[in-house]
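Coordinate inspection notes
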Amino acid sequence: MEFADPEAVHYLRPVLVHRAAHQPEFSPHWRCMLLLTMRDGQQIFSLLDVLPASFEDLPETLDAATKTEITHRLEHGGLLTQAQWADLNP
């Protein structure tokens, strides 16, 4: 995403296994919640589908308390979605 802050830390949290029978080469994949920080400093919510092998290659860098805080922000933080942010920032 061109408006995401390249210097910020962004967070990816898998939430469910998604199976796509019509695309077996991409099934199963993980549907992930994504917490992005935009260039204007605002954090937004988006979704991203990731193949399990790609996700497993990412380094683990967060402690349990930070994971809990990020999950709470994603699920209850009242964040704009990427589409809502784009509508407000044409």
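Note that the coordinates shown come from a computational prediction; the quantities given were computed from them, not determined experimentally.

Conventions and cut-offs
Residues numbered from 1 in each chain as written. Predicted model: local features only at pLDDT ≥ 70, side-chain atom pairs only at ≥ 80, totals over all residues. Heavy atoms only, no water. Helix = DSSP H or I, 4+ residues; strand = E, 2+ residues; numbered from the N terminus. Areas by Shrake-Rupley, 256 points an atom, 1.4 Å probe, with all protein chains shown as cover. Lys, Arg positive; Asp, Glu negative; His and termini not counted. Charge placed at Lys NZ, Arg CZ, Asp CG, Glu CD. Phe/Tyr/Trp six-rings, centres within 6.5 Å; stacked < 30°, edge-to-face > 60°. Salt bridge = Lys/Arg side-chain N within 4 Å of Asp/Glu carboxyl O. Buried < 20%, exposed > 50% of the residue type's maximum accessible area, 1.4 Å probe, protein only. Core = buried A, V, L, I, M, F, W, Y, C linked by side-chain atoms within 4.5 Å. 1 Å grid on protein atoms, 1.4 Å probe; cavity = no way out; pocket = protein on both sides within 12 Å on 5 of 7 lines; lining within 4 Å. Points joined across faces, edges and corners; volume = space filled by probe spheres on them. Nonpolar A, V, L, I, M, F, W, Y, C, P; charged D, E, K, R; others polar.

A few points about the overall build of the protein
- Helices and strands together make up the secondary structure of the protein, namely three helices and four strands.
- Counting from the amino terminus, helix and strand elements in the protein follow one another as β-β-β-α-α-β-α.
- Overall, the C-alpha framework of the protein stretches about 40 × 35 × 25 Å when taken along its three principal axes.
- Carbon and sulfur atoms make up 55% of the accessible area of the protein, which amounts to about 6,200 Å² in all.
- When the 6 positive and 13 negative side-chain charges of the protein are each reduced to one mean point, those points stand 6 Å apart.

Brief notes about the packing of aromatic side chains
- Tallied over the full model, the rule gives one aromatic pair.
- Seen in terms of ring centroids, Phe-3 and Trp-85 are 5.6 Å apart; in terms of plane orientation they differ by 50°. Their pairing is tilted. Separated by 82 residues along the polypeptide, Phe-3 in the segment before strand E1 (11–18) and Trp-85 in helix H3 (residues 82–88) bring together distant segments of the chain.

Examining the pattern of salt bridges
- Evaluation of the coordinates by the stated rule reveals four salt bridges.
- In this structure, Asp-49 engages Arg-31 in a salt bridge whose closest nitrogen and oxygen atoms are separated by 2.4 Å. On the criterion of sequence distance, the pair formed by Asp-49 in strand E3 (residues 43–50) and Arg-31 in strand E2 (residues 29–37) is long-range, its members being 18 residues apart.
- Residue Asp-49 is classed as partly exposed on the basis of its relative accessible area of 39%.
- Among the ionic pairs, Lys-67 bridges to Glu-60, the shortest N-O distance being 3.3 Å.
- Assessed through its relative accessible area of 57%, Glu-60 is described here as exposed.

Points about the nonpolar core
- Tyr-11, Met-33, Leu-35, Phe-45, Ile-70 and Leu-74 together form the largest nonpolar core, which totals six residues.
- Elements supplying a minimum of two residues to this core: E2 and helix H2 (64–76).

Comments concerning the layout of surface pockets
- By volume, the largest pocket is sized at about 450 Å³.
- As for the largest pocket, its lining consists of 15 residues, of which Leu-12, Phe-55, Glu-60, Leu-62 and Lys-67 are closest to the centre.
- For the lining of the largest pocket, the element with the highest residue contribution is E1, accounting for four residues.
- Among the residues making up the lining of the largest pocket, the classes are represented as nine nonpolar, three polar and three charged.

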